[in-house]
Amino acid sequence: MSDTTSPNTTKAEPLLRVRNLSTSFKTDRGVVTAIDDVSFEVAPGETLGIVGESGCGKTVTSKSVMRLLPDHLTIYGKESEILYGGKNLVRASAGEMRLVRGDKIAMIFQEPMTALNPVFTIGWQLDETLKYHTDLNKRQRRERSIEMLRLVEIPNPEQRVKEYPHQLSGGMRQRVMIAIALSCEPDILIADEPTTALDVTIQAQILDLMNGLKRKFNTAIMLITHDLGVVATVCDRVMVMYAGRVIESGSVGDIFHNPQHPYTKALLESIPKRGRKSGTGRLPTIPGIVPSLWELPEGCRFEDRCPYSDGDRCVHVEPVLEQGPDGRPVRCHYPLGSSRERPAKLTTSAARGAQG
Amino acid sequence: MSLIEVRNLTKQFPIRGGVLNRVINKVHAVSDVSFEIATGETLGVVGESGCGKSTLGKTLIRLLEPTEGLIAYEGEQITGLSHGQMMPYRRKMQIIFQDPYSSLNPRMTVNATLKEAIKLHQVLESGESMDDYIDGLMKQVGLRPDDKRKFPHEFSGGQRQRIGIARALCVRPDFIVADEPVSALDVSIQAQVLNLMKDLKEKLGLTMLFISHDLKVVEHFCDRVLVMYLGHVVEEVPTDNLDNDAQHPYTKALLGANPIDDPTDRRPLTILEGDVPSPINPPPGCPFAGRCPMVVDHCRTAMPPLERKKSGRLVACYEIE
């Protein structure tokens, strides 16, 4: 499979290389593949956005990298590689992963209240990470904890370390999560919908903070989100996922201004635009719903919702992720802007739009 | 002609405690809110969590009893009406919730849910068949008539919200409170449901109060918007040219904090310092004073009234003329 990184946008050597990552789960109904053949790279100081709708596999991707999925129920593909520091994390032992997790690769979650332990103080939770990963003594760890809280702009950190998560607001809790994640100065920060549960003014604070810390520590950030506004504001590169597949990737500018996959284009169009009230009052929509991972189609997974389907090759042959017309990877038989002749819009695709 | 008129609506929730379980404090959820909604209009309510927008919606249709204030529907006061007197208004005023899954009975088929409301309010005219009516409703919200035999868990999120809409429409209402109707949906599904609501609104001539935390959605869907902060309406502004017309510093901050869907337009987001104050002991003056870039001394002592400014619009701020 081709490299999803466009060479001109990545300057530094990638820190993390994910190759052909497939993750399946054993369930009562049999084995289901949540993500299929996902490849990407992240370089220092870069923010990679992973976008898509619920169930597209963006969270499974991030949890696979962290190896946070239950080992006894998870099957990684034979070819799957998560290369970090010369090691393939897919085959790493639990002990090896513990050394990486929190120290080299850290993660923050959507809902900080469930990620923080309610019965321990903020200080205790910061201390736990430092105790495991550093040689600092108790007093030094306390100082470091306070310093981290100050860094994430929590007022009065000397007092806050003694408080419990429920005493903090949602935005403050997410700051604590970021402080814990960054306390060992990780190379990579995985942020899984870090601002989705927050109000927009608090979201602005957190995005600003993450951007500032990225510049300061040159951290690589993998930002998982469904919010395209957040992507446009903070990401350098974007990978779009649909039903467990990467369907397109590229620089944030290319993705927003020159999408090659019909799904990316439709997704961008379906969001109401700020400051531009549409005359007709109707939004362009994507008809239908995402296919179930249990009943994936033989051909392109977006085919039944795609206005450009040819009704033949698209139905029977799944496209591979390959260089599109402007040199970026795209998974489509007829990428937008290509010279390959695209079939006329099928009349049936409009007709099946009513269900949803 | 205004369909709904609200005067000085206030809703407080008591907090009980102590040995005698007396009221020891109050949550000031909605404070002194007044507005009108014209027939056929869609009024948006926008604000962050805890600003009282959902409480306002629920109090407006008397799912919650107002602590103070008046609500008039078609000129008739509905505050203080008895349960029986309220019945005709219950039919006329319906609500769509954010999460239809928790507002639909999981043990009832869609058919049974709809039938119950239709029977209770005696919606059908003589000779009209219940089955045909429900089939028609299902089609109207973009579902197959056969789907009515299914239970709520058998539907996807978007379909479930369509059922929530059918539930509200089945009693032929005139006015609908839509409380974050698309917030739980993916963007592609969100667009489908917004379009459906827009079509139905036009076709059936509905009037709406549309509550959302998402400015993009409110701007797209509504004619006018009330901006709420800690229980107060701080500004009322038309949505045609929101960026230009917004005057209140909070509205401006809210607009500026919204990420722009364009990576080439990377102006820094407006950063407001601090958090929203607690609604249990709200500060005496303007609730936004603690975070406001334009704050002056008397902002901290008395709440500025929502009054008509030079621009002709209603803004609650001392610093705007």
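Conventions we followed
- Residues numbered from 1 in each chain as written.
- Chains lettered and ligands numbered in written order.
- Predicted model: local features only at pLDDT ≥ 70, side-chain atom pairs only at ≥ 80, totals over all residues.
- Helix = DSSP H or I, 4+ residues; strand = E, 2+ residues; numbered from the N terminus.
- Rg over C-alpha atoms; globule rule 2.2 N^0.38 Å.
- Buried ≥ 20, exposed ≤ 12 C-beta atoms within 10 Å, placed from the backbone.
- Contact = placed C-beta atoms within 7 Å.
- Pairing = 2+ DSSP bridges.
- Axes fitted to C-alpha atoms, helices over the stretch in contact; angles between N-to-C directions.
- Parallel < 35°, antiparallel > 145°, perpendicular 65-115°, else oblique.
- Left-handed = near helix turned anticlockwise from the far one by under 90°.
- Nonpolar A, V, L, I, M, F, W, Y, C, P; charged D, E, K, R; others polar.
- pLDDT = per-residue confidence, 0-100.

### Some remarks on the overall build of chain B
Here's step 1: Helix and strand counts for chain B stand at ten helices and twelve strands.
Here's step 2: The C-alpha atoms of chain B give 21 Å as radius of gyration, which agrees with the globular expectation for 321 residues (20 Å, within 12%).
Here's step 3: Summarising its shape, the C-alpha atoms of chain B cover approximately 65 × 60 × 45 Å along the three principal directions.
Here's step 4: Buried positions account for 44% of the 321 residues belonging to chain B.
Here's step 5: At a minimum sequence separation of 6, the contacts of chain B that also span at least 24 residues come to 62%.

### Comments concerning the overall build of chain A
Here's step 1: Across its full length, chain A carries 13 helices and 13 strands.
Here's step 2: Taking 356 residues into account, the globule formula puts the C-alpha radius of gyration at 21 Å, and chain A, at 22 Å, falls close to it.
Here's step 3: On the principal axes, the C-alpha backbone points of chain A span a range of 70 × 50 × 45 Å.
Here's step 4: Evaluated residue by residue, chain A yields a buried proportion of 48% over its 356 residues.
Here's step 5: Considering only intrachain contacts with a sequence separation of at least 6, the fraction spanning at least 24 residues in chain A is 65%.

### With respect to the sheet that holds strand β5 (residues 76-77) of chain B
Residue and element names in this part refer to chain B.
Here's step 1: Spatially, the four strands line up as an open sheet ordered β2-β1-β4-β5, and their pairing is antiparallel. The outermost strands of the open sheet, each flanked by one partner alone, are β2 (22-38) and β5.
Here's step 2: Relative to β5, strand β4 (residues 68-73) runs antiparallel, the two being bridged by two bridges. If you follow tyrosine 73 over to β5, its bridge partner there is glutamate 76.

### Brief notes about the packing of helix α4 (residues 122-133) of chain A against helix α7 (residues 170-182) of chain A
Residue and element names in this part refer to chain A.
Here's step 1: It is the contact of α4 with α7, at a shortest axis distance of 9 Å, that shows an interaxial angle of 25°. Judged by the inter-axis angle, α4 sits roughly parallel to α7. α4 and α7 meet at a crossing whose hand is right-handed. Across from Ile122, Gln125, Leu126 and Thr129 in α4, the residues of α7 making contact are Val176, Ala179 and Ile180.
Here's step 2: Class assignment for the residues of the contact of α4 with α7 results in five nonpolar, two polar and no charged.

### Comments concerning the interface of chain A and chain B
Here's step 1: Taken together, the contact pairs 40 residues of chain A with 41 residues of chain B.
Here's step 2: Counting residues per element, the ones that place at least two in the side of chain A that touches chain B are α8 (200-217), α9 (228-234) and α10 (252-257) of chain A.
Here's step 3: For the side of chain A that touches chain B, the element with the most residues is α8(A), which contributes seven residues.

### So, the environment of Ala43(A)
Residues and elements named next belong to chain A.
Here's step 1: Here alanine 43 lies in the loop between β2 (30-42) and β3 (47-51).
Here's step 2: Using a count of 19 C-beta atoms within 10 Å as the deciding quantity, one classes alanine 43 as partly exposed.
Here's step 3: A C-alpha to C-alpha distance of 9.4 Å links alanine 43 and aspartate 187, two positions 144 residues apart in sequence.

### Focus: the confidence of the model for chain B
Here's step 1: Residues at a pLDDT of 70 or more form 100% of chain B, whose mean pLDDT is 93.
Here's step 2: Reported confidence for the predicted complex is 0.85 by ipTM and 0.87 by pTM.

### A closer look at the environment of Asp223(B)
Residue and element names in this part refer to chain B.
Here's step 1: Among the structural elements, aspartate 223 can be located in the loop between α8 (215-221) and β9 (224-229).
Here's step 2: Among the residues examined, aspartate 223 registers 16 C-beta atoms within 10 Å and is labelled partly exposed.
Here's step 3: Taking the C-alpha atoms as reference points, aspartate 223 and asparagine 195, 28 residues apart in sequence, are found 15 Å from one another.
Here's step 4: Among all residues touching aspartate 223, those that are not within four sequence positions of it are Glu41, Thr42, Pro238 and Thr239.

### With respect to the pairing of strand β1 (residues 16-27) of chain A
All names here are of chain A.
Here's step 1: When β1 meets strand β5 (residues 81-84), the two strands line up antiparallel, connected through four bridges. Counterpart to arginine 17 in the pairing with β5 is leucine 83.
Here's step 2: As paired strands, β1 and β2 are joined by nine bridges and run antiparallel to one another. Pairing of serine 24 across the sheet is with threonine 33, part of β2.
Here's step 3: Count of turn residues in the β1/β2 antiparallel hairpin: two residues.
Here's step 4: Here β1 pairs with strand β4 (residues 74-76) via three bridges, running antiparallel. Note that in β4 the partner of phenylalanine 25 across the bridge is threonine 74.

### Overview of the confidence of the model for chain A
All names here are of chain A.
Here's step 1: On average, residues of chain A carry a pLDDT of 88, and 90% of them reach 70 or more.
Here's step 2: When the criterion is pLDDT under 50, residues 1-10 qualifies, and its contacts beyond four places in sequence or with other chains add up to 25 contacts.
Here's step 3: Within the model, the stretch residues 346-356 combines pLDDT values under 50 with 19 contacts to residues more than four positions away or in other chains.

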